[in-house]
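Chains, contacts and geometry: an overview
Now for the letters of each chain:
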Amino acid sequence: FETIYYPKVATSYVISEESFFNLPHVSSLRLRAAYGHAGNAPAPFSADRTYGSSTVILADETLSSALTPNAYGNPDLKAERGTELELGFDGSLFDDAISLVFTYYNKTTKDALLSIPNAPVTGFTGSRLENAGEISNSGIDLSISATPVRTPDVIWDDQGAFATNDNKLLSL
């Protein structure tokens, strides 16, 4: 396989540090955004058809060397590539008594690698990799933590999380 590049860019902005920012009870607020590519490259030699060697006994009971099918291969195989957008914020309220972290993500994977069984008539056992689909994956993650009681003797922390994930097979 040729060299594969997976570029990514991410940025964040702590808007609560700006002089114009003045929301009552908001201690801090950071906005986040990221866009990039990620992927999964097939294992080395996945594209190559390979054979193994074995010893066979001929009709006259002599030993001989033989080639046996090993891996079917796929010369058209390429790495899968995902493109993802992620947006979110981190914030805290009431002098950091409540913290929120929210993330929205949307990822599409093209040329998804799937293991396809070899037809027995080929003489190859097992399976081969194919670039066989496009998959969409999106959702949100939300976590909340709070400290409802903070005294010199007692600190009470609570945490909760909520997440969604929507996977769709767009093409196969």
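Residues numbered from 1 in each chain as written. Predicted model: local features only at pLDDT ≥ 70, side-chain atom pairs only at ≥ 80, totals over all residues. Heavy atoms only, no water.

To continue, consider the overall build of the protein chain. For the protein chain, the helix and strand inventory stands at 0 helices and 11 strands. The helix and strand sequence of the protein chain, counted from the amino end, reads β-β-β-β-β-β-β-β-β-β-β. In terms of C-alpha radius of gyration, the protein chain reaches 27 Å, well past the compact-globule figure of 16 Å for 172 residues. Across the 172 residues that make up the protein chain, the buried fraction comes to 20%. In the protein chain, once contacts between residues fewer than 6 apart in sequence are set aside, the share between residues at least 24 apart is 62%. Counting only carbon and sulfur atoms, one obtains 56% of the accessible surface of the protein chain, whose full area is about 11,900 Å². Charged side chains in the protein chain number 11 positive and 21 negative. The centres of these two groups are separated by 6 Å. (Helix = DSSP H or I, 4+ residues; strand = E, 2+ residues; numbered from the N terminus. Rg over C-alpha atoms; globule rule 2.2 N^0.38 Å. Buried < 20%, exposed > 50% of the residue type's maximum accessible area, 1.4 Å probe, protein only. Contact = heavy atoms within 4.5 Å. Areas by Shrake-Rupley, 256 points an atom, 1.4 Å probe, with all protein chains shown as cover. Lys, Arg positive; Asp, Glu negative; His and termini not counted. Charge placed at Lys NZ, Arg CZ, Asp CG, Glu CD.)

Once that is clear, we can look at the pattern of salt bridges. Inspection of the entire model under this criterion finds 5 salt bridges. The shortest N-O distance in the salt bridge between Asp90 and Arg30 comes to 2.4 Å. One end of the pair, Asp90, is in strand S5 (residues 80-93); the other, Arg30, is in strand S2 (residues 26-40), and 60 residues separate them in sequence. Put simply, Arg30, Arg32, Glu86 and Asp90 are held in one network by salt bridges that share partners. (Salt bridge = Lys/Arg side-chain N within 4 Å of Asp/Glu carboxyl O.)

Burial of strand S1 (residues 8-14) is sparse: only 0 of the 7 residues sit out of reach of the surface. Where S1 lies against S2, 7 bridges are found, and the strand directions are antiparallel. When the bridges of S2 are listed, Val14 appears paired with Arg30. (Pairing = 2+ DSSP bridges.)

The next point concerns the packing of aromatic side chains. Going through the model one piece at a time under the given rule, you end up with 1 aromatic pair. Seen in terms of ring centroids, Phe89 and Phe102 are 5.7 Å apart; in terms of plane orientation they differ by 25°. Their pairing is stacked. Of the two residues, Phe89 is situated in strand S5 and Phe102 in strand S6 (residues 98-110); the sequence distance between them amounts to 13 residues. Residue classification places Phe102 among the partly exposed residues on the basis of a relative accessible area of 24%. (Phe/Tyr/Trp six-rings, centres within 6.5 Å; stacked < 30°, edge-to-face > 60°.)

This paragraph deals with the pairing of strand S9 (residues 134-150). As judged from the 12 bridges shared by S6 and S9, these two strands associate in the antiparallel manner. Bridge pairing links Tyr105 to Gly139 in S9. Here 5 bridges tie S9 to strand S11 (residues 166-171), and the two strands are oriented antiparallel to one another. Among the inter-strand pairings, Asn137 is bridged to a residue of S11, identified as Asn167. Turn length for the S9-strand S10 (residues 155-163) hairpin, with the two strands adjacent in sequence and antiparallel, is 4 residues.

When you line up the elements, Ser136 lands in strand S9. Excluding residues that lie within four positions of it along the chain, Ser136 makes contacts with Asn106, Lys107, Thr108, Asp166, Asn167, Lys168 and Leu170.

This paragraph deals with the environment of Thr164. For Thr164, the position within the fold is in the loop between S10 and S11. Aside from chain neighbours lying at most four places away, what touches Thr164 is Tyr105, Ser138, Gly139 and Ile140.

Glancing now at the confidence of the model for the protein chain. Mean pLDDT for the protein chain: 88, with 95% of residues reaching 70 or above. Mean pLDDT per element in the protein chain: strand S4 (residues 63-71) is the minimum at 75, and S1 is the maximum at 97. (pLDDT = per-residue confidence, 0-100.)

Position of Gly36 among the secondary structure elements: in strand S2. Residue Gly36 is classed as buried on the basis of its relative accessible area of 6%. Linking Gly36 and Ser127, residues 91 residues apart in sequence, is a C-alpha distance of 31 Å. Setting aside anything within four residues of it in sequence, one finds Gly36 in contact with Pro7, Lys8, Gly82, Thr83 and Glu84.

Our focus in this paragraph is a nonpolar patch on the surface. Nonpolar side chains collect at one region of the surface, where Val9, Tyr35, Leu85, Leu87 and Tyr104 lie side by side and expose about 420 Å² of accessible area between them. Overall, Leu85 belongs to the partly exposed group, its relative accessible area being 34%. (Patch = residues over 30% accessible without salt bridge, like charges linked within 9 Å, V, L, I, M, F, W, Y side chains within 5 Å.)

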